[in-house]
Amino acid sequence: MLVIMKNDATGEQVQRVIEEITKMGYRGVPMPGAQRTAVCIVGNKGAVEESLLLPLSGVKELIPVTKPYKLVSRETHPQSTVITIGDVKIGGGNKPVIMAGPCAIENEKQAITTAEIVKQYGATVFRGGAFKPRTSPYSFQGLGEEGLKILAKVREETGLLTITEATDHVNLEDVEKYADIIQIGARNMQNYSLLKRAGETRKPVLLKRGFAATIDELLMSAEYIMAGGNHQVILCERGIRTFSDNIRNTLDISAIPSIKESSHLPVMVDPSHAAGRRDYVIPLSKGAIAVGADGLLIEVHNDPVHALSDGIQSLFPEQFARLMEEIKYIYR
Ligand code: PEP
Ligand code: MN
């Protein structure tokens with residue numbers, strides 16, 4: 001249920017509505033909009049007693065929310081959310097934001113060299129994993145906190161914003177200290193202790209769709225983060241498992257307009273983990289921008305042949321330069 005306040009409703013009137021909702025045993029989450037504030041009721045299982053809310057001053061109307069997710073839903077927040085980090089704006093029809101860098105931070109030289117390359121061609125956020133969720137326990141697991149320190153150095157030296165993955169609620173603590181955006185990976189989309197912890201941070205979170213997760217499941221996971229009080233959530237389609245065996249994962253291109261219909265949150269696309277090979281990354285990126293993605297998360301390495309993880313799908317610097325040129329035309 002959504003309580004729509006009148007355009008001229010005062011802060012006290014909104015507060016009074018929230019108190020009444022609390023008395024009913026639920027939670028009222030204010031959602032300020034361009035024209036008016038709405039208060040979203042969360043925690044109710046069935047119908048809410050409308051007669052207790054409608055007469056309160058400042059209340060315009062009550063609207064039932066039909067989806068199981070509420071804070072994430074476009075029903076409760078019709079205008080698209082824009083997440084602003086420094087000079088970068090993600091969502092709401094702003095220019096697509098390009099986050100690029102290696103799968104994993106391997107050492108300072110590799111990170112800074114790659115960061116300078118991606119910055120030169122127009123990326124505004126540097127990606128690089130420090131805690132790597134690898135399929136094999138024998139694969140490179142990332143540098144851990146040392147990787148985060150290198151990430152901070154990249155930020156300092158290049159001025160790029162940074163994103164890196166937290167793989168559990170314990171290392172999220174470190175990630176939030178060092179990075180501008182916290183990534184939650186596909187394997188952890190339904191790690192609820194991690195999602196709850198991500199709800200407590202005040203840094204933006206990029207939540208990837210699990211490779212066997214439906215869109216509703218992705219949105220319910222985003223709801224966990226928002227229900228915890230963190231409204232800065234960016235969703236990311238990164239390919240799902242299908243019967244198609246000619247590609248690592250199938251990029252669900254229709255997920256982008258579909259999520260945008262159901263949710264006000266920005267939607268990014270990771271073409272690298274969908275493709276699994278670098279020659280497919282440019283065409284998938286163009287497709288993603290064409291259907292309205294708010295940005296791309298791309299793996300680029302200064303020396304992909306010797307990368308310690310996901311080298312096969314990492315772009316060579318010249319390929320990244322070409323990609324940035326080609327997507328400009330698509331965006332225009
Ligand atoms: C990554 O971005 O490096 C990564 C591990 O992605 P995903 O969680 O989508 O597999
Ligand atoms: Mn990777």
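Criteria and cut-off values
As a convention, each chain's residues are numbered from 1 in the sequence order in which they are written. A letter from A marks each chain and a number from 1 marks each ligand, given out in the order of writing. Only residues with pLDDT of 70 or above have their local features reported here, since the model is predicted, and side-chain atom pairs are shown and tallied only from 80 upward, although totals for entire chains, interfaces and linings are computed over all residues. Side-chain metrics in this entry use all non-hydrogen atoms of the structure; hydrogen atoms and water are not considered. In this text, helices come from DSSP runs of H or I with a minimum length of four residues, and strands from runs of E with a minimum of two, each type numbered from the N-terminal end. Note on classification: 1.4 Å probe, protein chains only; a residue is buried when its accessible area is under 20% of the maximum for its type, exposed when over 50%, partly exposed between these limits. Because no water is among the atoms considered, metal sites can look incomplete, with donors defined as N, O and S atoms within 2.8 Å of the metal, or 3.2 Å for Na, K and Ca. Residues grouped as a nonpolar core are buried Ala, Val, Leu, Ile, Met, Phe, Trp, Tyr and Cys residues, joined through side-chain atoms within 4.5 Å. Pairs of residues are marked as contacts when any of their non-hydrogen atoms sit within 4.5 Å. Each residue after the first adds 1.5 Å to the expected span of a helix. These domain limits were set by an automatic method or by a database of domain assignments. By definition, two strands form a pair when at least two bridges between them are found by DSSP. Here an axis means a line fitted to C-alpha atoms, over the contact stretch when the element is a helix, while the angle between two N-to-C directions is reported on a 0 to 180 degree scale. Salt bridge criterion: a side-chain nitrogen from Lys or Arg within 4 Å of a carboxyl oxygen from Asp or Glu.

### Quick look at the environment of Asp245
Note on placement: Asp245 falls in the loop between strand E12 (233–237) and helix H7 (255–262). A relative accessible area of 75% places Asp245 in the exposed class.

### Side note on the coordination of the manganese ion (ligand 2)
Surrounding the manganese ion (ligand 2) are the protein donor atoms Cys103 (SG), His273 (NE2), Glu299 (OE) and Asp310 (OD), which sit 2.0 to 2.4 Å from the metal. One chain supplies every donor for the manganese ion (ligand 2), spaced along it as C-x169-H-x25-E-x10-D. Separated by 11 residues along the polypeptide, Glu299 in strand E14 (residues 295–299) and Asp310 in the loop between E14 and helix H10 (317–331) bring together distant segments of the chain.

### Remarks on the nonpolar core
Judged by nonpolar contacts, the single largest core of 71 residues is most densely connected at Ile98, Phe126, Leu207, Leu235, Ile298, Phe320 and Leu323. Ranked by the residues each element gives to this core, the list is headed by helix H6 (residues 215–227), at six residues. Residues in contact with Leu235, not counting those within four places in the same chain, are Leu207, Leu218, Leu219, Ala222, Ile259, Ser263, Leu265, Pro266, Val267 and Met268.

### Here's the deal with H6
With 13 residues, H6 extends 18 Å between its outermost C-alpha atoms, agreeing within 8% with the 18 Å of an ideal straight helix rising 1.5 Å per residue. Considered for burial, the residues of H6 that qualify are Ile215, Leu218, Leu219, Ser221, Ala222, Glu223, Ile225 and Met226. Against strand E10 (181–184), helix H5 (192–200), strand E11 (205–208), E12 and H7 lie the buried residues of H6. Positive backbone phi, approximately 110°, marks Gly229, located one or two places after H6.

### Overview of the domain arrangement of the protein chain
Taken domain by domain, the protein chain holds domain 1 (2–63) and domain 2 (83–331). Between the C-alpha centres of domain 1 and domain 2 the distance comes to 36 Å.

### Regarding the sheet that holds strand E4 (residues 59–63)
Spatially, four strands are ordered E2-E3-E1-E4 in an open sheet, and the strand pairing comes out antiparallel. Lying at the two open borders of the sheet, with one neighbouring strand each, are strand E2 (27–32) and E4. On average, adjacent strands in this sheet sit at an angle of 25° to one another, irrespective of strand direction. With three bridges joining them, strand E1 (residues 2–5) and strand E3 (residues 37–42) adopt antiparallel strand pairing. Across the sheet, the residue bridging to Leu2 is Cys40, located in E3. Those strands touched by helix H1 (residues 11–23) are E1, E2, E3 and E4, and its axis lies near 10° from that of E3.

### Comments concerning the pattern of salt bridges
Applying the stated criterion to the full structure yields 18 salt bridges. Across the salt bridge formed by Glu173 and Arg197, the nearest N and O atoms sit 3.2 Å from each other. With a gap of 24 residues between them, Glu173 in helix H4 (residues 172–178) and Arg197 in helix H5 connect regions that are remote in the sequence. A relative accessible area of 41% means that Glu173 is categorised as partly exposed. Asp270 serves as the salt-bridge partner of Lys208, at 2.6 Å between the closest nitrogen and oxygen. Highlighted residues: Lys208 in strand E11 and Asp270 in the loop between strand E13 (267–269) and helix H8 (271–275), separated in sequence by 62 residues. For the residue pair Lys208 and Asp270, the accessibility class agrees, reading buried in each case. Several salt bridges converge on common partners, so that one network encompasses Arg16, Glu20 and Lys23.

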